[in-house]
Amino acid sequence: MTQRLDRIEAILERTAQGAEANTTAIEANAAAIDGNRVGIEANRVAMSGDKPLRVYAQLRSTVNSLVQVVEIHQLNHEATQRNFEGIVTELREIRSEIRGLRTETQRILEHLFGRQENGE
């Protein structure tokens, strides 16, 4: 039983670590998004002038940055999803083991109490 609890605690610890890593990545991505917003605003201002090629290059760079942010979010999401699915699978296994232990305990109790009643 202690081993099962240790496994559950380990699973929860890994989940917490994964969530913390995802939170850190999201915060880093938020900073990148803010930087992209600044770039977009700069591009908007620059487009009002006579430098369309430079503006185009800046826009392209900003779009590429946004695509990278989206890809990072996608990878984080996929990792979180895999972690979650693994936890669900392990919890199902643990639940099954607990059912088996309950059944076994019930049989033992019935055997013990049945023997005591017959012996008395």
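Residues numbered from 1 in each chain as written. Predicted model: local features only at pLDDT ≥ 70, side-chain atom pairs only at ≥ 80, totals over all residues. Heavy atoms only, no water.

Trainee: How should the overall build of the protein chain be read in this particular structure?
Mentor: Scanning the protein chain from terminus to terminus reveals two helices and zero strands. A buried classification covers 11% of the 120 residues belonging to the protein chain. In the protein chain, the share of contacts with a sequence separation of at least 24, taken over all contacts with a separation of at least 6, comes to 74%. Accessible area for the protein chain stands at about 9,600 Å²; split by element, carbon and sulfur atoms hold 58% of it. (Helix = DSSP H or I, 4+ residues; strand = E, 2+ residues; numbered from the N terminus. Buried < 20%, exposed > 50% of the residue type's maximum accessible area, 1.4 Å probe, protein only. Contact = heavy atoms within 4.5 Å. Areas by Shrake-Rupley, 256 points an atom, 1.4 Å probe, with all protein chains shown as cover.)

Trainee: Explain a positive patch on the surface here, please?
Mentor: A cluster of basic side chains, namely Arg-92, Arg-95, Arg-99 and Arg-102, defines a positive patch on the protein surface. The residue Arg-95 is located in helix H2 (residues 52–119) in this model. (Patch = residues over 30% accessible without salt bridge, like charges linked within 9 Å, V, L, I, M, F, W, Y side chains within 5 Å. Salt bridge = Lys/Arg side-chain N within 4 Å of Asp/Glu carboxyl O. Lys, Arg positive; Asp, Glu negative; His and termini not counted. Charge placed at Lys NZ, Arg CZ, Asp CG, Glu CD.)

Trainee: Can you help me understand the side chain of Thr-62 in this one?
Mentor: Of the residues examined, Thr-62 reaches a relative accessible area of 9% and is grouped as buried. In this structure, Thr-62 is in contact with Asn-36, Gly-39, Ile-40 and Asn-43, ignoring residues within four places of it in sequence.

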